[in-house]
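# Structural overview
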Amino acid sequence: MTAIIDYGVGNLFSLVCSFEKIGEDTVITRDEEVLKKADRIILPGVGAFSDAMDKLNKSGLVPVLKEQIKKGKPIMGICLGMQLLFDKSFEYGEHNGLGLIKGEIRPIADDVKDLKIPHMGWNALNFKGSKHPLFKYVKQGECVYFVHSFYAVNCFDSIIASAEYRTDITAAVASKNVLGCQVHPEKSGETGLNILRAFCEMREGAIC
Amino acid sequence: MITKRIIPCLDVRNGNVVKGVNFEGLREISSPVELAKYYSECGADELVFYDITASSDGRKLFSDILCETAKNVFIPLTVGGGINTVDDFDRVLKCGADKVSVNSGAIKNPQLIEQAAKLYGDQCVVLSVDIKRVDGVFRVFAKGGRENTGLEAIEWIKRGVDSGAGEIVVNSIDTDGVKKGFDLEMLNEVCNAVSVPVIASGGAGNIEDFITLFKTLPKVDAGLAASIFHFGEVKISDLKKEMNKNGIPARL
């Protein structure tokens, strides 16, 4: 069973439907006990970084989340949820993140001057290094759906896939059992569902 | 590199998909849920649902259909039609829409764009504009293309983007339903005026029209059409193969 953390950010309808589609049970929860029992955890998120981080802190779930990560439970942040995993973000100011993945979130516009922001639409995945288990069912070059104006930088060691938008946009990251997807797997057609399928096969302590 | 998007548009009335020619003489075809699934499987990059129902019963039916579609289709969904208030945004977003398209509602109440953008983010607010040449000037039309608002189109679009619209759908009434190609002149003016994604709508008759669109106007991000897809005159998979052959990035 996969627990989706409910901390009052964004609409989880599509995400829940996509897990349903691949036959995975989900529970939307802010209950510590449920998070402890779950096989894996999703940290969702849309909107502004500082607002989401405030809400996550106020939910009181950060300690249990970190404890579960320490135990080796797979956790994946999606979109803004991925960004929250990083040390800090420079989205309208400077804000601390969860510090689970080394690196920071910066405006795409700092590095890409003459392209449209947000980086919105379907872009091809370029795997970095040997293919990560998250992409077990996905081929190099398959397209996924992005909508974002900020992206993760200074995180070379954890990048498992990027997309080209005149610069390399961090598409997905992993640091042991902590994973992050800038892309929206719930909006990326069969490719997205395949990313979720692979995530749902991950078990506690079994990720390289 | 980001791919050019191909977007089928489904006009929905009383639970069925319809397509008007020059906005008149509506003809009903097929279940929207089935059609959406079909398009998603054959490579559509996004779907637009326009609710052209007037009654509240029809609106409820539309919400149910939207929910049913969102449960089965995992590509971005944009919803338009009858969006007049922030509550309307809320209603369709809860049913699984990713983006909401405003048209007449924003003309009646220009603050709507700003209010919605603040609540849901710019990326969620699509400004759809029906444009027709009147004495050589691009004018904005309301109420499904029936009423000349007198607004100058490029000014209106710039205002919309300044207020927070994250994407523009340009629907040329002059070329809509004529199937002789997109309105390149109109689209060029819009692309030069704004820096947000621009979706071309109205006039596509065959694959070549899309190739011409993206080759002539590289700033256009997406092409939208309805009947040519619904009646199988253009298959999305064929269209995308042809785009790739012509050096236009498309998701296969």
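## Remarks on the confidence of the model for chain B
Detailed reading of the predicted model is not advised wherever pLDDT is low. Residue and element names in this part refer to chain B. This prediction gives chain B a mean pLDDT of 91; 95% of its residues lie at or above 70. Every residue in residues 20-26 is under pLDDT 50, and counting partners more than four places away or in other chains gives eight contacts. The ipTM value of the predicted complex is 0.90, and its pTM value is 0.93.

## A few points about the environment of B:Val86
All names here are of chain B. By the secondary structure assignment, valine 86 is in helix 3 (residues 86-94). Taking the C-beta count within 10 Å as the criterion, valine 86 has 16 such neighbours and is therefore assigned partly exposed. Spatially, the C-alpha atoms of valine 86 and arginine 5 are 27 Å apart, while their sequence positions differ by 81 residues.

## A look at unusual backbone geometry
Glycine aside, residues mostly have negative phi, and peptide bonds are mostly found in the trans state. Cis peptide bonds are those with omega within 30 degrees of zero, and the linkage from A:Ile117 to A:Pro118 qualifies with 5°. With respect to the helices and strands, A:Pro118 occurs in the loop between strand 7 (101-107) and strand 8 (119-124). Of note, the phi angle at B:Lys179 is positive, near 60°, even though the residue is not glycine. Structurally, the position occupied by B:Lys179 is in the loop between strand 10 (167-172) and helix 7 (184-193). What makes B:Lys179 partly exposed here is the crowd of 17 C-beta atoms within 10 Å.

## Remarks on the pairing of strand 11 (residues 150-153) of chain A
Residue and element names in this part refer to chain A. A two-sided burial pattern is seen for strand 11, the buried positions comprising Phe150 and Ala152 on one face and Tyr151 and Val153 on the other. Examined bridge by bridge, strand 7 and strand 11 share four bridges and lie antiparallel to one another. Within the sheet, the bridge partner assigned to proline 107 lies in strand 11 and is phenylalanine 150.

## Section: the nonpolar core
Membership of the largest hydrophobic core comes to 81 residues, with the highest contact counts inside it found for B:Leu47, B:Val100, B:Val125, B:Leu127, B:Val129, B:Ile168 and B:Val170. Excluding anything up to four places from it in sequence, B:Ile168 contacts B:Leu127, B:Val129, B:Ile157, B:Val190, B:Val194, B:Val196, B:Val198 and B:Ile199. Membership of the second largest hydrophobic core comes to 67 residues, among which are A:Met120, A:Val144, A:Tyr145 and A:Val178.

Cut-offs and rules
Residues numbered from 1 in each chain as written. Chains lettered and ligands numbered in written order. Predicted model: local features only at pLDDT ≥ 70, side-chain atom pairs only at ≥ 80, totals over all residues. pLDDT = per-residue confidence, 0-100. Contact = placed C-beta atoms within 7 Å. Helix = DSSP H or I, 4+ residues; strand = E, 2+ residues; numbered from the N terminus. Buried ≥ 20, exposed ≤ 12 C-beta atoms within 10 Å, placed from the backbone. Pairing = 2+ DSSP bridges. Core = buried A, V, L, I, M, F, W, Y, C linked by C-beta atoms within 7 Å.

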